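# Observations on the model geometry
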Amino acid sequence: MTTTIRLTVAQALIRFLAAQYTERDGARQRLIDSCWGIFGHGNVAGLGQALVESGQGPDAPLPFHQGRNEQAMVHAAVGFARQRDRLSAQAVTTSIGPGATNLVTGAALATINRLPVLLLPGDTFATRPADPVLQQLEHPGAGDLSVNDTLRPVSRWFDRVHRPEALIPAALGAMRVLADPVETGAVTLALPQDVQVEAYDWPAAFFHERVWRVPRPGPDPDALAQAAAMVRAAHRPLLIAGGGVHHSAAQDALCALVDATGIPVATTQAGKGALRHDHPGEVGGVGHTGTAVANDLARTADLVIGVGTRFTDFTTASHTLFADPAVRFVHLNIASADAHKLSALPLVADARTGLRELSGALAGYRVEPSWERAYVAGKERWEAVVDAATAPRDDTGPPTQPQVLGALAATVGDEDVIINAAGSLPGDLHKLWRARSPRQYHLEYGYSCMGYEIPAAIGVALAAPERAVWALVGDGTYLMMPTEIVTAVQEDLPIKLVLIQNHGYASIGGLSQATGAERFGTDYRFRTADGAYHGAPLPVDLAANAASLGMTVLRAHSCQELREALAAAREARGPVAVYVETDPDSNAPDAQAWWDVPVAQVAGRPAAVGARAGYEREAAARRRYL
């Protein structure tokens, strides 16, 4: 006779999630580590009651974290999953209505970056006892539509649990996608509020421990042999390491390949740190925000080996960077769709397994000495550029943004984590930061979402409490989402916030100027008589705001004060912010490659006319890699 357990749908889901594990290389960990939540009428009596019923505390089946903003909770969960190499994730529960729609931005970020997060929004009544109910979206042509349907296009798996028994296939399908390194991303189980509290006799086997093994598939032997032949035939090979190197824990395999062959390695934003910065073969970031040496190598490379990268437009400089007429591509990626990009020879495989097998196939091979001399000399030249940009100024004036990064680099330990996502910082970091360990550099640049940094720092701190975690935030990003400072204070998480004030959207301001839009609407200033924002800077005290939310705040006005404040912040035991106003005349190196942002074809203002001429010159270099 089948044993059953009578529970509500919400209680059953909590018990099920607590029994799910991943396993890779013999190491096992919880698939769903914990649950973030903000409660409303759509989930308070269902999932809220179930979490209370299961018990809380460090030994709870599903520990709970209280959030302040639904989007931020997803960002925290994404930061957690990335730090855990996608092998462990967090759930996020919200009510129906604005709580659910606030998930959409975070879900898009998770799916674009291929990082797992489980979304559990409440939903309108399945039984429709009253129609419409509070926060129900009425559609004249679809009675079953709810606001949760906005999550469909940004989720890798979406299901609505209309009946209790439907939870079984829905939950199993959700776990399959979360644990799959190819399919993973945001997963949504929409839970009608009446179904959440409905009781059902569940088969006991539904709650048995279940292990989702994460495989390490190898490449096709014929494709591997062809790839090795292409490398041996190349005169100027370049390897580009993406985030897949980190997700696969393939850093040692990459280092072994480079040590044996001398092939230089450039990195995407997600791949930075795949090799330590002082490795002879590490040439820095590639693409629009990359280093001069990496981009010079990319322009002359006759073979590009991509490992775990999606080859976005920033990496390819909008298809202008790889300029050799005969350039060919080999893409090692666990996702077939990515492995086939740029008409590459696809090596569909786990990054670590694929790199090890490629190393074996290249036994005895080494790049030509002239190519090795070229990138070693280029790396030395670029290091001098970094030193000059990040060196502290001698006077008491405010530091430039690169000088802020120089002071931070002098403070952090090898195992510290720095987090950023948007604005002008990603470009400076990609070019100037010297990563000293695989997970030190945490840039979310798939979606480049303002507001990611502070909640992601919380997620990383939960995933790796032994590490010091730094969130680098400009004033524009800070004003988007400072709310989770309260969560860090509540949980006593010692995150360190570096708050940089430059009075506006610095990155978009520069782009606006370059494209003929004349920095319109990008400065945080009062209006002048002509109606433009050209007046004095707004008297906004972001340091006082952070302090009002419970953070200890240290203010710095010069390079020397900044170094002292950063050192104090690193030793702080609770959440702390270092506030610094930067010199607007940045000394950061210019972009090292183009990025396609279309410019008006017809305009009367000289700035736009000149920008269009420059755009047409750059766009002429675009090509199809066929």
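A brief look at the structure comes next. Here the structure is a predicted model, which is why all the values come from computation and not from measurement.

Another aspect to go through is the overall build of the protein. Looking only at helices and strands, the protein features 24 helices and 23 strands. For the protein, the C-alpha radius of gyration of 25 Å lies close to 25 Å, the compact-globule estimate for 626 residues. Counting all 626 residues of the protein, 57% fall into the buried class. In the protein, the share of contacts with a sequence separation of at least 24, taken over all contacts with a separation of at least 6, comes to 76%.

Note the cis peptide between Asp131 and Pro132, where omega equals 10°. Relative to the helices and strands, Pro132 resides in the loop between β7 (117-123) and β8 (157-160). Despite not being glycine, Arg114 has its phi angle at roughly 60°, a positive value. Tracing the backbone through its elements, the reader meets Arg114 in the loop between α5 (103-112) and β7.

Relative to the assigned elements, Arg310 resides in the loop between β15 (303-307) and α12 (313-316). A sequence separation of 197 residues divides Arg310 from Ser507, and the C-alpha atoms of the two residues are 23 Å apart. Residues in contact with Arg310, not counting those within four places in the same chain, are Ile112, Arg114, Asp338, Lys341 and Gly446.

Further remarks concern the sheet that holds strand β20 (residues 469-474). On the basis of which strands lie adjacent, the open sheet formed by six strands has the order β19-β18-β20-β21-β23-β22 and parallel pairing. Bordering the open sheet on either side are β19 (441-443) and β22 (552-556), each of which pairs with just one other strand. Going across the sheet, the axis of each strand differs from the next one's by a mean of 20°, ignoring polarity. By the bridge criterion, five bridges tie β22 to strand β23 (residues 576-581) in an arrangement that is parallel. Paired with Val553 across the strands is Ala577, a residue of β23. The sheet contacts of helix α18 (residues 453-463) involve β18 (417-420), β19, β20 and β21 (496-501), and relative to β20 the element is tilted by about 175°.

Mapping Ser437 onto the fold places it in the loop between α17 (425-432) and β19. On the basis of relative accessible area, Ser437 is assigned to the buried category, the value being 5%. Here the side chain of Ser437 touches Asp414 through a polar contact of 2.6 Å, landing on its backbone oxygen. Ignoring sequence-local partners within four residues, the contact set of Ser437 consists of Gly273, Asp414, Glu415 and Arg467.

Another point: the pairing of β23. Most of β23 sits out of view: five of its six residues are buried. In this sheet, β23 lies alongside β21 in parallel orientation, the contact comprising six bridges. Within the sheet, the bridge partner assigned to Ile500 lies in β23 and is Val580.

The next subject is the sheet that holds strand β2 (residues 20-24). The three strands are arranged β3-β2-β11 in an open sheet whose pairing can be described as mixed. Two strands in the sheet have a free side with no partner beyond their single neighbour: β3 (27-30) and β11 (210-213). Across this sheet, the average inter-strand angle for adjacent strands is 30°, counted without regard to direction. Across four bridges, β2 lies against β3 in antiparallel orientation. Note on β3: the bridge partner recorded for Tyr21 is Arg30.

Ranked by internal contacts, the top residues of the largest apolar core, which has 60 residues, are Leu239, Leu254, Val304, Val307, Phe322, Phe329 and Leu355. If you tally residues by element for this core, the top one is helix α8 (residues 221-233), at six residues. Ignoring anything within four residues of it in the chain, the contact list for Leu239 reads Leu254, Leu257, Ile263, Pro264, Val265, Ala266, Ile305 and Val307. In terms of nonpolar packing, the next biggest core, distinct from the first, is built from 48 residues, Ala76, Ala107, Ile419 and Tyr579 among them.

Rules behind the numbers
Numbering of residues starts from 1 in every chain and runs along the sequence as written. Where local features are concerned, this predicted model is filtered to residues with pLDDT of at least 70; where side-chain atom pairs are given and counted, the filter is 80 or more; whole-chain, interface and lining totals use all residues. Excluded from the side-chain calculations are hydrogens and water; all other atoms, namely the structure's heavy atoms, are used. Where helices and strands are cited, they refer to DSSP runs of H or I of at least four residues and of E of at least two residues respectively, numbered from the N terminus. For a compact globule the rule gives 2.2 Å times the number of residues to the power 0.38, and the radius of gyration it is set against comes from C-alpha atoms. Type-normalised accessible area, obtained with a 1.4 Å probe on protein chains alone, sets the label of each residue: buried when under 20%, exposed when over 50%, and partly exposed for intermediate values. Contacts between residues were defined by any pair of non-hydrogen atoms, one from each residue, lying within 4.5 Å. The criterion for strand pairing is that DSSP finds at least two bridges linking the strands in question. Angular values range over 0 to 180 degrees, each being the angle between N-to-C directions of two axes fitted as lines to C-alpha atoms, with helices fitted over their stretch in contact. In protein, a polar contact means a hydrogen-donor-capable atom and an acceptor-capable atom, both N or O and within 3.5 Å, with residues adjacent in sequence counting only if both atoms are side-chain atoms; elsewhere, any N or O pair within 3.5 Å suffices. Here, nonpolar core refers to any group of buried Ala, Val, Leu, Ile, Met, Phe, Trp, Tyr and Cys residues whose side-chain atoms link them within 4.5 Å.

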